[in-house]
Amino acid sequence: MTAYKFIETSVDQQIGVIELNRPKQLNSLNRNMVGEILEAMQSFDRNDEVRVILLVGKGKAFSAGADIDEMAEADSMSLELLNQFADWDQIPLIKKPVIGAVHGFVFGGGFELALCCDVLLAADGTEFSFPEVTLGVMPGAGGTQRLTKLVGRAKAIEWLWTGERIQANELQKHGVINRIVSPELLREEALRFSNKIASMPPLAIRMIKDSVNKAVDYPLYEGMQYERKNFYLLFSSEDQKEGMKAFVEKRKPVYKGK
Ligand code: CAA
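Looking at an unreviewed UniProt entry, the protein carries the name Enoyl-CoA hydratase, with the source organism given as Sporosarcina ureae. In its Sequence similarities (unreviewed entry) section, UniProt records this for the protein: "Belongs to the enoyl-CoA hydratase/isomerase family."

Q: Quick one: what's the story with the sheet that holds strand β6 (residues 119-123), residue by residue and with numbers?
A: Strand order in the open sheet formed by six strands is β1-β2-β3-β4-β6-β9, with mixed pairing between adjacent strands. The outermost strands of the open sheet, each flanked by one partner alone, are β1 (7-12) and β9 (179-181). Ignoring which end each strand starts from, the neighbouring axes of this sheet average 20° apart. Looking at chain direction, strand β4 (residues 98-102) and β6 are connected through four bridges and run parallel. By the bridge assignment for β6, A101 is matched with L121.

Q: How would you sum up the side chain of K209? Please name residues and give values.
A: Counting through the fold element by element, K209 comes out in helix α10 (residues 202-217). Residue K209 is classed as buried on the basis of its relative accessible area of 12%. Among the polar contacts made by the side chain of K209, one reaches the main-chain carbonyl oxygen of K96 at a distance of 2.8 Å. Beyond its immediate chain neighbours, meaning those up to four positions away, K209 contacts I94, K95, K96, P97, V98 and D118.

Q: For the environment of M41, give the residues involved together with the corresponding values.
A: Relative to the assigned elements, M41 resides in helix α1 (residues 31-46). C-alpha separation for the pair M41 and L220, spaced 179 residues apart in sequence, amounts to 30 Å. Other than its neighbours up to four places away in sequence, M41 contacts I18, I53, L55, I91, I94 and V98.

Q: How would you summarise unusual backbone geometry if you had to cite specific residues and measurements?
A: Positive phi values are uncommon outside glycine, yet Q13 reaches one of about 45°. With respect to the helices, strands and loops of the structure, Q13 is situated in the loop between β1 and β2 (15-20). Overall, Q13 belongs to the exposed group, its relative accessible area being 59%. A positive phi angle is found at N83, which is not glycine, with a value near 55°. Topologically, N83 is positioned in the loop between α3 (76-82) and α4 (86-90). Residue N83 is classed as partly exposed on the basis of its relative accessible area of 47%.

Q: Explain the packing of α10 against helix α11 (residues 220-234) to me, using residue names and the numbers behind them.
A: Two packed helices can be described by the angle between their axes and the distance between those axes. With their axes 9 Å apart at the nearest point, α10 and α11 run at an angle of 175° to one another. Relative to α11, α10 is oriented roughly antiparallel. Contact with α10, carried on its side by L203, A204, M207, D210, S211 and K214, involves Y226, E227, N230, L233 and L234 of α11 and no other residues of that element. Residues belonging to the contact of α10 with α11 are distributed by class as follows: six nonpolar, two polar and three charged.

Q: I'd like a description of the environment of F235, backed by residues and values.
A: Inspection of the secondary structure assignment puts F235 in the loop between α11 and α12 (238-248). Overall, the relative accessible area of 35% leaves F235 in the partly exposed class. What F235 contacts, discounting residues up to four positions off in sequence, is Q240, K241 and M244.

Q: So what about the site of the ligand? Which residues, and what values?
A: Close contacts around the ligand come from 22 residues, with K60, A66, I68, G109 and E112 the closest. Separating a nitrogen atom of the ligand from a backbone N or O atom of I68 is a distance of 2.9 Å. Secondary-structure elements contributing two or more residues to the shell around the ligand are α2 (68-71), β5 (105-107) and α5 (108-115). Ranked by the residues each element gives to the shell around the ligand, the list is headed by α5, at three residues. Here the shell around the ligand is composed, by residue class, of ten nonpolar, six polar and six charged.

Q: Provide a residue-level description of the sheet that holds β5, including the pertinent values.
A: The strands making up a sheet associate through backbone hydrogen bonding, with each pair oriented either parallel or antiparallel. The sheet built from three strands is open, its strands ordered β5-β7-β8 with mixed pairing. The open sheet has two free edges, formed respectively by β5 and β8 (166-167), since each of these has just one partner strand. Across three bridges, the pairing between β5 and strand β7 (residues 127-129) is parallel. Residue pairing for β7: V106 is matched across the bridge by F128. The sheet strands contacting α5 are β5, β7 and β8, and the helix crosses β5 at an angle near 90°.

About the thresholds
Every chain begins its residue count from 1, and numbering advances along the sequence as written. Whole-chain, interface and lining totals are the exception, using all residues; otherwise, since this is a predicted model, local features are given only for residues with pLDDT of at least 70 and side-chain atom pairs are given and counted only at 80 or more. Hydrogens and water molecules were not included; the side-chain quantities draw on all heavy atoms of the structure. UniProt positions are given in the numbering used here, feature names are shortened, and annotations may be inferred rather than shown by experiment. A pair of strands counts as paired when DSSP detects no fewer than two bridges linking them. Secondary structure elements follow DSSP: runs of H or I of four or more residues count as helices, runs of E of two or more count as strands, with numbering from the N terminus. Helix axes are fitted to C-alpha atoms over the stretch in contact, other axes to C-alpha atoms as well, and angles between N-to-C directions run from 0 to 180 degrees. The rule is simple: take the accessible area with a 1.4 Å probe, protein chains only, and divide by the maximum for that residue type; under 20% is buried, over 50% is exposed, in between is partly exposed. For this analysis, a polar contact is any N or O atom pair within 3.5 Å, provided that within protein one partner can donate a hydrogen and the other can accept it, and provided that sequence-adjacent residues contribute only side-chain to side-chain pairs. We call two residues contacting when some pair of their heavy atoms lies within 4.5 Å. Under this scheme an angle from 65 to 115 degrees is roughly perpendicular, one under 35 degrees roughly parallel, and one over 145 degrees roughly antiparallel; angles in between are oblique. Each residue gets one of three labels, nonpolar for Ala, Val, Leu, Ile, Met, Phe, Trp, Tyr, Cys and Pro, charged for Asp, Glu, Lys and Arg, and polar for the others, Gly among them. For each residue, the test is whether any non-hydrogen atom lies within 4 Å of the molecule or strand; if one does, the residue is near.

Below you can see the structure in the form of structure tokens.
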């Protein structure tokens, strides 16, 4: 397992766990940390022993956002030359399911990271916010785009303009969070859910993710054509043969991800 400075990784029954590990700074995300998160995700994406990636945070917060200390003295050209968000752009390209289990504070870049997850579980009492406006800036890693697509313009612009804290149950009502669980059960519930997805045929899971993501970007007709191609593609997998054969033979299928 690669040694990282700002995260910890482990594999637990086909679940690749990435734990943000900068708890003294509330897991605020510096550039190297984002690089490590991406590297770990890409490595799990290529690892045959991993079927689902689970993202969690150590300490009292999932993440309080981008590292303000690192950004405070930046200027426009240094950010452009650093290509500040290059790693962020790669995170949504991960093919395997990414489950986020968040707690405490999920602010700024932490919220943007959570919005990159396919399924989001939150501990009861978790607070979310885009406080960038209070720092004289705005989100830069997808916050204005992803939040608006998820909750619609009215709430998105209100939350982005005020930077106010949003409670987990409010976000659940708006379809951003899948489940709220008690803080002490968060990890257990996240592993249980991840295991359930890991038990499904991996190629079908992969093609569903790919198709659902296209639904966000494509007009309906083009999205339907895309979906159909993925549907046809799955008929060249062994798992499709196994799944349908097992149904006919009234037994449990054994999926290999081939
Ligand atoms: N960057 C750097 N350090 C941070 C940080 C951040 N985003 N958030 C917290 N920390 C540090 C604090 O400076 C503090 O360090 P010290 O102990 O050395 O003083 C430590 O973490 C603990 O934080 P607090 O004492 O503030 O903890 P708290 O419980 O009183 O408050 C909080 C928690 C309300 C989340 C508060 O820390 C806070 O408001 N943090 C900043 C949140 C923020 O503005 N995030 C947006 C960043 S910009 C961004 O994300 C841009 C983007 O789109 C990519």
